[in-house]
Every structure is written in C-alpha cells, then in structure tokens.
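Okay, here's what each chain looks like letter by letter:
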Amino acid sequence: MSRNALLTNRAGLTHKIGYAVRNPARIAPYVKRTARDTWLRLKHPDHVAYYRAVMASDAGRNPEAAVGSRSHERWLALGEMQFDYLTGHGLKPGHRMLDIGCGNLRAGWRFIAHLDCGNYYGIDISPDILISAKQTLTTYELQDKLPHLTITQNLTLDFLPSGHFDIVHAHSVFSHSPLGVIDECLAHVGRILAPGGFFDFTFDRTEGTEHQVLREDFYYRTETLLRLAQKHGLEARFMEDWETRPHGQSKIRVNNPA
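Calculation notes
Residues numbered from 1 in each chain as written. Predicted model: local features only at pLDDT ≥ 70, side-chain atom pairs only at ≥ 80, totals over all residues. Heavy atoms only, no water. Helix = DSSP H or I, 4+ residues; strand = E, 2+ residues; numbered from the N terminus. Buried < 20%, exposed > 50% of the residue type's maximum accessible area, 1.4 Å probe, protein only. Contact = heavy atoms within 4.5 Å. Areas by Shrake-Rupley, 256 points an atom, 1.4 Å probe, with all protein chains shown as cover. Salt bridge = Lys/Arg side-chain N within 4 Å of Asp/Glu carboxyl O. Polar contact = N/O pair within 3.5 Å; in protein donor to acceptor, adjacent residues only side chain to side chain. Core = buried A, V, L, I, M, F, W, Y, C linked by side-chain atoms within 4.5 Å. Pairing = 2+ DSSP bridges. Expected span 1.5 Å × (residues − 1).

Looking only at helices and strands, the chain features ten helices and nine strands. The buried share among the 258 residues of the chain stands at 48%. Long-range contacts, defined as pairs at least 24 residues apart, comprise 70% of the intrachain contacts of the chain with a sequence gap of at least 6. Carbon and sulfur atoms form 55% of the exposed surface of the chain, whose accessible area is close to 12,300 Å².

The structure is reproduced here in structure tokens:
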C-alpha cells in the first residue's frame, strides 16, 4: 500500500469528490448504502446491534459479499491466504483455535479441516452469517470435525475457559469496530490465551488522521492499537511479513507475557 493511500482520509469531502469523479458508476450504490446505513444507525444506536443489522441485510443478498468477497474466487483466495499464513506461523492440528468474526467460514472451513476434531471455535455477532457458516460446513462435509459455532453479543469472551486457546484470530473484525469494541476484546483476550499462544488481528491502517466511513470501516494508526494492547499488559507487534500479501489490511500479533 502506498504512503499516499495510508495518509488518505476517506471520510473527507475532498476524497469523496475525487473518488466520485474517478468512479461515477459507484455514486448511486454509495448513496443507496448511505441511506440504508443512516436508517440502521437511527434504529440501532448500539454499534453491535447496528452491525448485526448490516450483516443481516448483506447476508440476505450474498453471504460471500457480506464478508468482503466480491466473487467466489476471491472468497476462496482470501480464506487460503489466512490459512497459509497461520500454518506458516505454526498452526498445528492439535492446537485449539478461536476465530472471532468467523463469518461464513471463508477461512474457517480450511482451519476446521486442518485441526483435530473439536478444536475450532468460531464466534460471530450475526445469526444470519452463522446460518451461512453451517451451509459452508455442509458443503465441505466437515460435520465430523464437530466445530463450535456460537453467536455472541460482545467481545468480553466471558463464556470461554481461561488459558484454553493456542491461536486466537480476528480477520476483518477490527476494521469494522470502534475503539471501544477493540479495547473490550484486548482487555479480555489475554485470559483465554494458552501459555505461548497468540492473538492475530487485522485492521485498516492509516498514517494520517484516524477516521471512519459510514460507521462500517474504521481506520487506525498502528501506534494506537499497539498502545491499547500494552495498556492491558499484552505484548504486541506489527507483522511486517503480512504486508507482502495481496490484502488491503495490516496485521498485529498480541502475546500474553504471563
């Protein structure tokens, strides 16, 4: 990603005008989505309830697009990218994995196939996308792996056991989360990490002004999230090797030094 892109404030009027001039065909869909999201924000002032309504709307049209994949080929490629990265970083069949924001198992079906029976736990705020996840599970005939798929209201993770998970993973979750939601997750994730375990999460990175677009896309400076993790006694580092992959988001890894 170029430095100019990292400095761009996508919520700014100048960017919006320039983008509209370069992409006139996207004006009408943007206006339509803005109207929908404005209505949903008024109806659901709480961010989790709002984003659950967004996912219900998007998943009803196309579950793969709802998790950010414009085609089935891209859905497969993004899942494979996540899987290859974590297996390259030591994910073994015997490890226990928590997939936060598992969606319709874009990467999850690969993790389930790789892990031993019962070792995959996927959570999401959207019941609609979890219904699609179950369909994905059936498509790839992974029922015998007995994965856990659970809806959640927040990221306190209070229903999960302490010191249990070797790998915690959140792909394209914090890119859609206000800072309070991220803070909540980082305040509690250390408790559920097993000794030597780690938590990987992606985020939309900016080196300029932190901002959000339509309350759906949030852009943070790396330093902001590193400091937030450190506030909760966690070790955190920016994962440079993820930057070589064809994905627009960046990645941070968190360890519990205790």
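Structure shown, so let's carry the discussion forward.
Moving on to the pattern of salt bridges. Counted by the stated rule, this structure contains nine salt bridges. Between lysine 251 and aspartate 200 there is a salt bridge, with the nearest N and O atoms lying 4.0 Å from each other. Pair noted here: lysine 251 is in strand β9 (residues 250–255) and aspartate 200 is in strand β5 (residues 193–205), with a separation of 51 residues, a long-range link. Relative accessible area serves as the criterion here: at 2%, lysine 251 is assigned to the buried category. Linking arginine 221 and glutamate 223 is a salt bridge whose minimum nitrogen-to-oxygen distance equals 3.9 Å. Sharing partners across several salt bridges, the network here consists of Arg36, Asp58, Arg61 and Glu216.

Looking now at the side chain of threonine 202. Within the secondary structure, threonine 202 sits in strand β5. Overall, the relative accessible area of 0% leaves threonine 202 in the buried class. In terms of polar contacts, threonine 202 uses its side chain to reach the backbone amide nitrogen of serine 172, at 2.8 Å. Among all residues touching threonine 202, those that are not within four sequence positions of it are Ala170, His171, Ser172, Phe174, Ser175, Trp242, Gln249, Ser250 and Lys251.

To continue, consider the nonpolar core. Residues Leu86, Leu91, Met97, Leu105, Phe111, Tyr120 and Leu149 are the most contacted members of the largest nonpolar core, which totals 37 residues. Only α4 (47–61), α6 (72–88), α7 (108–114) and α8 (127–139) provide two or more residues apiece to this core. The dominant element in this core, judged by the number of residues it contributes, is α4, at seven residues. Counting residues in hydrophobic clusters, the runner-up holds 32 residues, among them Leu157, Leu160, Val189 and Phe203.

Attention now moves to the environment of arginine 33. Mapped onto the elements, arginine 33 comes out in helix α3 (residues 27–43). Here the alpha-carbon distance between arginine 33 and leucine 214, two residues 181 residues apart in the chain, equals 8.8 Å. Setting aside residues up to four positions removed in sequence, arginine 33 forms contacts with Val54, Asp58, Arg61, Leu214 and Glu216.

Here we come to the side chain of threonine 152. On the secondary structure map, threonine 152 appears in the loop between β3 (148–151) and β4 (165–170). At 2.8 Å, the side chain of threonine 152 forms a polar contact with the backbone oxygen of asparagine 154. Those residues in contact with threonine 152 that lie beyond four places of it in its chain are Arg52, Ile123, Asp124, Ile125 and Phe159.

Further remarks concern the pairing of strand β7 (residues 217–220). In terms of strand pairing, β5 meets β7 through two bridges, oriented parallel. Counterpart to aspartate 204 in the pairing with β7 is tyrosine 219. Hairpin remark: strand β6 (residues 211–213) followed by β7, antiparallel, with three residues in the connecting loop; positive phi at leucine 214, about 60°.

On to the environment of threonine 139, then. The residue threonine 139 is located in helix α8 in this model. Distance in space between the C-alpha atoms of threonine 139 and tryptophan 109 is 9.6 Å, their sequence separation being 30 residues.

The subject of this paragraph is helix α9 (residues 179–192). With 14 residues, α9 extends 21 Å between its outermost C-alpha atoms, agreeing within 8% with the 20 Å of an ideal straight helix rising 1.5 Å per residue. Inspection of α9 places Val181, Ile182, Cys185, Leu186, Val189, Gly190 and Ile192 among the buried residues, and these make up the whole buried set. At its buried positions, α9 is contacted by β1 (97–100), β4, β5, β7, α10 (222–231) and β9.

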